[in-house]
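Here's the letter readout for the chains.
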Amino acid sequence: MATGTAIVVASGKGGTGKTSLTGGIAACLARLERKVLCIDMDIGLRNLDISLGMSDRVLMDFSDVVEGRCTLDRAAVSHPDLPGLHLLTAPIRLPDSVDERGIAALLDEARQQFDYILLDAPAGLDAGFRLAACAADRAIVVATNDASSLRDAQRAVGELNHIKQVHLVVNRVQPKLLRRLRTTIDDAMDTAGLPLLGVVPEDPKVVLAANRGKPLILTGRRGAANACLNIAKRIEGHRAPIMRIR
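All figures in this text were calculated on a predicted structure; none of them were measured in a lab.

## A short note on the overall build of the protein chain
Across its full length, the protein chain holds 11 helices and eight strands. Over its C-alpha trace the protein chain gives a radius of gyration of 17 Å, about what one expects of a compact globule, namely 18 Å for 246 residues. Once the C-alpha set of the protein chain is aligned to its principal axes, its extents read approximately 55 × 35 × 35 Å. A total of 246 residues make up the protein chain; the buried ones form 53% of that total. Within the protein chain, counting contacts between residues at least 6 apart in sequence, those at least 24 apart form 79% of the total. When the accessible surface of the protein chain is totalled, it reaches about 11400 Å², and 47% of it is carbon and sulfur. Of the side chains in the protein chain, 32 bear a positive and 28 a negative charge, and the two mean positions are spaced by 9 Å.

## Re the packing of aromatic side chains
Summed over the entire model, instances satisfying the criterion amount to zero aromatic pairs. Over the ring of F114 we find K35; its NZ or CZ atom is 5.1 Å from the centre of that ring.

## A word on the sheet that holds strand β8 (residues 196-201)
With mixed pairing, eight strands are arranged side by side in an open sheet as β3-β4-β2-β5-β1-β6-β7-β8. Of all the strands in the sheet, just β3 (77-78) and β8 have a single pairing partner and so form its edges. With five bridges joining them, strand β1 (residues 5-10) and strand β5 (residues 116-120) adopt parallel strand pairing. Bridge assignment links V8 to a residue of β5, and that residue is L119. Most of the contacts of helix α9 (residues 185-192) go to strand β7 (residues 165-173), to which it runs at about 135°, and overall it touches β7 and β8.

## Considering unusual backbone geometry
The phi dihedral of E33 is positive, around 70°, even though this residue is not glycine. You will see that R172, though not glycine, has its phi angle at about 60°, which is positive.

## Comments concerning the packing of helix α1 (residues 18-31) against helix α11 (residues 223-235)
Contact geometry for α1 and α11: axes closest at 8 Å, N-to-C directions at 65°. Pair α1 / α11 crosses with right-handed handedness. Along the contact surface, α1 presents L21, G24, I25, C28 and L29, while α11 presents A225, C228, L229, I231, A232 and I235. Counted by class, the contact of α1 with α11 contains 10 nonpolar, one polar and no charged residues.

## What to know about the packing of helix α7 (residues 147-158) against α9
As a packed pair, α7 and α9 sit with axes 8 Å apart at the nearest point and diverge in direction by 40°. Taken together, the axis directions place α7 and α9 in an arrangement best described as oblique. Residue-level contacts link L150, A153, Q154 and V157 of α7 to A188, T191 and A192 of α9. Looking at the contact of α7 with α9, its residues break down into five nonpolar, two polar and no charged.

## Side note on the pattern of salt bridges
One pass over the structure, following the stated rule, counts eight salt bridges. In this structure, the salt-bridge partner of R69 is D64, at a minimum N-O distance of 2.8 Å. You can call R69 partly exposed: its relative accessible area is 48%. The class of D64 is buried, set by a relative accessible area of 10%. Ionic pairing is found between D108 and R111, a salt bridge with its closest N-O pair at 3.0 Å. You can see D108 and its partner R111 sitting in helix α5 (residues 100-111), three residues apart, about one turn around the helix. Of the residues examined, D108 reaches a relative accessible area of 45% and is grouped as partly exposed. Taken together, the salt bridges that share partners define one network made up of D64, E67 and R69.

## Some words on the pairing of β8
A regular strand places its side chains so that they alternate between the two faces of the sheet. Counting buried positions along β8 yields six of six residues, so the element is predominantly enclosed. With four bridges connecting them, β7 and β8 associate as parallel partners. Bridge assignment links V169 to a residue of β8, and that residue is G198.

Conventions and cut-offs
Residues numbered from 1 in each chain as written. Predicted model: local features only at pLDDT ≥ 70, side-chain atom pairs only at ≥ 80, totals over all residues. Heavy atoms only, no water. Helix = DSSP H or I, 4+ residues; strand = E, 2+ residues; numbered from the N terminus. Rg over C-alpha atoms; globule rule 2.2 N^0.38 Å. Buried < 20%, exposed > 50% of the residue type's maximum accessible area, 1.4 Å probe, protein only. Contact = heavy atoms within 4.5 Å. Areas by Shrake-Rupley, 256 points an atom, 1.4 Å probe, with all protein chains shown as cover. Lys, Arg positive; Asp, Glu negative; His and termini not counted. Charge placed at Lys NZ, Arg CZ, Asp CG, Glu CD. Phe/Tyr/Trp six-rings, centres within 6.5 Å; stacked < 30°, edge-to-face > 60°. Lys NZ or Arg CZ within 6 Å of the ring centre and 35° of its normal. Pairing = 2+ DSSP bridges. Axes fitted to C-alpha atoms, helices over the stretch in contact; angles between N-to-C directions. Left-handed = near helix turned anticlockwise from the far one by under 90°. Nonpolar A, V, L, I, M, F, W, Y, C, P; charged D, E, K, R; others polar. Parallel < 35°, antiparallel > 145°, perpendicular 65-115°, else oblique. Salt bridge = Lys/Arg side-chain N within 4 Å of Asp/Glu carboxyl O.

Structure below.
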């Protein structure tokens, strides 16, 4: 029996748009008729439900499943407009009994029910990051094009050496800024030391969609929405253009 793929989405620092990107890619995979589970691993600072437009639907969190208070079927709520998209949110506080072994068991169960599991890791490289990445099959490191973000992306890569497939997404790219700095996306790849999975432009529709409680892909097919769709297709193994921004 085929099993799903768990992908941790991480960044070395905050402000990269990682959570919005996680929601954007997950919604696009669901749009491609895949069954997708998003797990918010940002304990105490969860925001993935806002990006997905599911704030009023979440009752249980992943600690309820790990500790046996609720089944995964009951805890993972489905999106009202994208039936293939599901969310399992983070607890406000992490119980001491929830450890890497419990997360690994949760992912083993989720792989039997979903094609993809996207884990939104907390920014930084502390214990929450390690918990999110402990049992993932693949990783996406999200960075912006500024030097400090790319340096932090390098550090994140160093903590993901147990994962064979690690890719870079350069997010929130502003073409005018790139031209002024005379930099390219190739420079970002060289600095982070990762193969490129996608480039996502800065797009005001990302914030507008979140405020309206609607996944970005349901608002149109341009800008960041199109970039996320291309990333989803590349995750699936299909040929899709990487947006080149100069």
